Amino acid sequence: QVQLVESGGGLVQAGDSLRLSCAASGRAFSYYSMGWFRQAPGKEREFAAAISFSGGNTDYADSVKGRFTISRDNAKHTVYLQMNSLKPEDTAVYYCAAKYRSVTSLNRALGYDHWGQGTQVTVSS
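Presented here is an overview of the structure given in this document.

Thresholds applied
By convention here, each chain's residues receive numbers from 1 onward along its written sequence. This being a predicted model, a pLDDT of at least 70 is required before a residue's local features are given, and a value of 80 or more before pairs of side-chain atoms are given or counted; all residues contribute to the totals for chains, interfaces and linings. Side-chain measures were taken over the full set of non-hydrogen atoms in the model, leaving aside hydrogen atoms and water. Each helix is a run of DSSP H or I of at least 4 residues and each strand a run of E of at least 2, with the numbering of both proceeding from the N terminus. We call a residue buried when its accessible area falls under 20% of the maximum for its residue type, exposed when it is over 50%, and partly exposed in between, using a 1.4 Å probe and counting protein chains only. Residue contacts follow a heavy-atom distance rule, with two residues in contact if any of their heavy atoms lie within 4.5 Å. Accessible surface is estimated by sampling points in the Shrake-Rupley manner with a 1.4 Å probe; for residues, cover comes only from the protein chains shown. This count recognises Lys and Arg as positive and Asp and Glu as negative, with His and chain-terminal groups excluded. Charge positions come from single atoms, namely NZ of Lys, CZ of Arg, CG of Asp or CD of Glu. Ring pairs are drawn from Phe, Tyr and Trp, using the six-membered ring of Trp, whenever the two centres fall within 6.5 Å, and their geometry is named by plane angle: stacked under 30 degrees, edge-to-face over 60, tilted for the rest. Lysine and arginine charges are scored as sitting over a ring when NZ or CZ, respectively, is within 6 Å of the ring centre and within 35 degrees of the ring normal. Polar contact criterion, stated in full: a pair of N or O atoms within 3.5 Å, where within protein one must be able to donate a hydrogen and the other to accept it, and residues adjacent in sequence count only if both atoms are side-chain atoms.

## Quick word on the overall build of the protein chain
When its secondary structure is counted, the protein chain shows 0 helices and 11 strands. Secondary structure elements in the protein chain, listed N-terminal to C-terminal, are β-β-β-β-β-β-β-β-β-β-β. Considered along the principal axes of its C-alpha atoms, the protein chain spans approximately 40 × 25 × 25 Å. Split into buried and exposed, the 125 residues of the protein chain put 43% on the buried side. The contacts of the protein chain with a sequence gap of at least 6 include a subset with a gap of at least 24, amounting to 59%. Element-wise, carbon and sulfur atoms account for 45% of the exposed surface of the protein chain, whose accessible area totals about 6500 Å². Taken together, the 13 basic and 10 acidic charged side chains of the protein chain have centroids lying 6 Å from each other.

Below, the structure written as structure tokens:
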């Protein structure tokens, strides 16, 4: 069982940066591929970024490519999402998710085994 706790959200202005963290409990963290998803008010949850359990492969939504960077520190059981050049349309609740021993379909929410509670990111114009 893995429990995920996100942190690092907040209120920023357009063009600013934020780094989200997702701390995982449990000893099997290195076997989980990790994803970041987001959900804006009135919209469906959407994929933002993902990283394989080895850290060797990453994937990004087109809307964040070039601005967001996902990384992980398996020793600290933590995955990060560095968000630069933030835009008002990035405003959402950001969730991290864990998928056991898989590197396929990381951009699809269905299939992830564990989810965090989310952290709010608000970008003002």
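## Quick look at the packing of aromatic side chains
On inspection of all chains with the given rule, the structure shows 5 aromatic pairs. Each ring, one from Phe37 and one from Trp115, has its centre 5.2 Å from the other, and the planes form 55°; the classification is tilted. One end of the pair, Phe37, is in strand 4 (residues 32-39); the other, Trp115, is in strand 10 (residues 114-115), and 78 residues separate them in sequence. Classification of Trp115 as partly exposed rests on a relative accessible area of 27%. Members of the aromatic cluster, each reached through a chain of ring pairs, are Phe37, Phe47, Tyr112 and Trp115. The ring of Trp115 carries the charged tip of Arg45 above its face, separated from the ring centre by 4.8 Å. Note that Lys99 overlies the ring of Tyr112, its terminal NZ or CZ placed 5.7 Å from the centroid.

## Things to note about the side chain of Ser33
As for its position among the elements, Ser33 is in strand 4. In terms of polar contacts, Ser33 uses its side chain to reach the backbone carbonyl oxygen of Ser102, at 2.5 Å. The contacts of Ser33, once residues within four sequence positions are left out, are Ile51, Ser52, Phe53, Arg72, Ala97, Ala98, Lys99, Ser102, Val103, Leu106 and Tyr112.

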